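What the coordinates show
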Amino acid sequence: MLDAFGKQNWWPADSSFEVIIGAILTQQTSWKNVEKAISSLKKEGGLNPEFLNYIELGRLEQLIKPSGFYKIKAQRLKNFLDYFLKEYNGKTEKMTEDNTIKIRKELLNINGIGKETADSTLLYALNKEIFVIDAYTKRIFFRLGIVDTNDYEKLRELFENSLKEKDHLNTINKFKEMHALIVELGKNYCKKDPICNNCPLFSSCKRKGVKNEYSWN
Ligand code: SF4
């Protein structure tokens, strides 16, 4: 995948806080829509916890409208901010110093933060050794014939154990890059109706459960 797509250098953001906001906004929408919402937030007052805490819920909803489900997401942002300001005084540096399992539990207790969002936050914003599982990962690795489970935690542990390096930095870079490459493959080839004959993994894929293979040719 690396040969086919090149280095992805995820996550595209100016700060760790922006990564977290992006991880919440990207739920059930494309990254293009998230970029529009983030750009509006930046224009309005800057993407920082103080501003997002200060701004009224109704105004926040309007600013993030391009990301879809804006009422739900605005409330989710406020829920996260309550926690973030109370526990870490709005500082991602303080959050990074804390224990990974503890943060994960706390994030999952916030209404609207699921495992994918929590783990994206831990890996991409806080540089914690947690692998992110998403729908693309489940679909691709099932079709490849490598896994036969849909269970988030089992898959996460499987990826973490297989990709973990001795060095922390190498591990998180590998986790970050692998997840980004999986998303790239899922978006471009291993879609619901996959484009198998052009896929970089064609020769090693069992295409388990694939009924219709679409082709560009
Ligand atoms: S060959 Fe087809 S099923 Fe296998 S990973 Fe590629 S697109 Fe998905």
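In this text the structure is predicted, and so the values were computed from the model without any measurement. (Residues numbered from 1 in each chain as written. Predicted model: local features only at pLDDT ≥ 70, side-chain atom pairs only at ≥ 80, totals over all residues. Heavy atoms only, no water.)

1. A short note on the packing of helix α11 (residues 152–163) against helix α12 (residues 168–188)
Remark: α11 packs on α12, axes separated minimally by 10 Å, with the N-to-C direction vectors making an angle of 125 degrees. Relative to α12, the element α11 is oriented oblique. Regarding α11 and α12, the two cross each other, and that crossing is right-handed. Residues Phe-159, Glu-160 and Leu-163 of α11 lie in contact with α12, whose contacting residues are Lys-174, Phe-175, Met-178 and Ile-182. Partitioned by chemical class, the residues of the contact of α11 with α12 number 5 nonpolar, no polar and 2 charged. (Axes fitted to C-alpha atoms, helices over the stretch in contact; angles between N-to-C directions. Helix = DSSP H or I, 4+ residues; strand = E, 2+ residues; numbered from the N terminus. Parallel < 35°, antiparallel > 145°, perpendicular 65-115°, else oblique. Left-handed = near helix turned anticlockwise from the far one by under 90°. Contact = heavy atoms within 4.5 Å. Nonpolar A, V, L, I, M, F, W, Y, C, P; charged D, E, K, R; others polar.)

2. Here's the deal with empty space enclosed by the protein
Inspection of every chain in the model, using the stated rule, returns 1 cavity of 30 Å³ or more. Of the voids in this model, the largest cavity is the one considered here, and its volume is about 100 Å³. Looking at the largest cavity, it is lined by 15 residues, and the ones nearest its centre are Cys-190, Cys-196, Cys-199, Cys-205 and Arg-207. Here the lining of the largest cavity is composed, by residue class, of 13 nonpolar, no polar and 2 charged. (1 Å grid on protein atoms, 1.4 Å probe; cavity = no way out; pocket = protein on both sides within 12 Å on 5 of 7 lines; lining within 4 Å. Points joined across faces, edges and corners; volume = space filled by probe spheres on them.)

3. Here we look at the packing of aromatic side chains
Following the criterion strictly, the structure yields 12 aromatic pairs and no others. A ring pair is formed by Phe-131 and Phe-175, whose centres lie 5.7 Å apart and whose planes are at 85 degrees; its orientation type is edge-to-face. Here Phe-131, found in the loop between α9 (115–125) and α10 (135–143), pairs with Phe-175, found in helix α12; they are 44 residues apart in sequence, far enough to count as distant. Residue Phe-131 shares its accessibility class with Phe-175, and that shared class is buried. Ring-pair connections join several aromatic residues into one group, and the members of that group are Phe-17, Phe-80, Tyr-83, Phe-84 and Tyr-88. The ring of Phe-202 is capped by Arg-207, whose NZ or CZ atom sits 4.1 Å from the centre of that ring. (Phe/Tyr/Trp six-rings, centres within 6.5 Å; stacked < 30°, edge-to-face > 60°. Buried < 20%, exposed > 50% of the residue type's maximum accessible area, 1.4 Å probe, protein only. Lys NZ or Arg CZ within 6 Å of the ring centre and 35° of its normal.)

4. Description of the domain arrangement of the chain
Partitioning the chain into structural domains gives domain 1 (11–125) and domain 2 (135–204). Relative placement of domain 1 and domain 2: their C-alpha centres are 25 Å apart. At the junction of the two partners, domain 1 supplies 6 residues and domain 2 supplies 8 residues. Between domain 1 and domain 2 the total buried area reaches about 680 Å² when both faces are included, carbon and sulfur atoms providing 55% of it. (Domains from an automatic or database assignment. Buried area = accessible area lost by both parts, 1.4 Å probe.)

5. Some details on the site of the ligand
In the neighbourhood of the ligand, the contacting residues comprise Arg-143, Tyr-189, Cys-190, Pro-194, Cys-196, Cys-199, Phe-202, Cys-205, Arg-207 and Val-210. According to the grid-proximity analysis, the pocket containing the ligand is the largest cavity. For the shell around the ligand, the residue count by class is 8 nonpolar, no polar and 2 charged. (Near = heavy atom within 4 Å. Sits in = over half its atoms within 2 Å of the grid points.)

6. Notes on the nonpolar core
Core analysis: the biggest nonpolar cluster contains 62 residues, and Leu-25, Leu-41, Leu-52, Phe-80, Met-95 and Leu-107 have the highest contact counts within it. Residues lining this core come from more than one domain, with at least three contributed by each of domain 1 (11–125) and domain 2 (135–204). Among residues more than four places away in sequence, those in contact with Leu-41 are Ile-21, Leu-25, Gly-46, Leu-47, Phe-51, Leu-52, Leu-60, Leu-63 and Ile-64. (Core = buried A, V, L, I, M, F, W, Y, C linked by side-chain atoms within 4.5 Å.)

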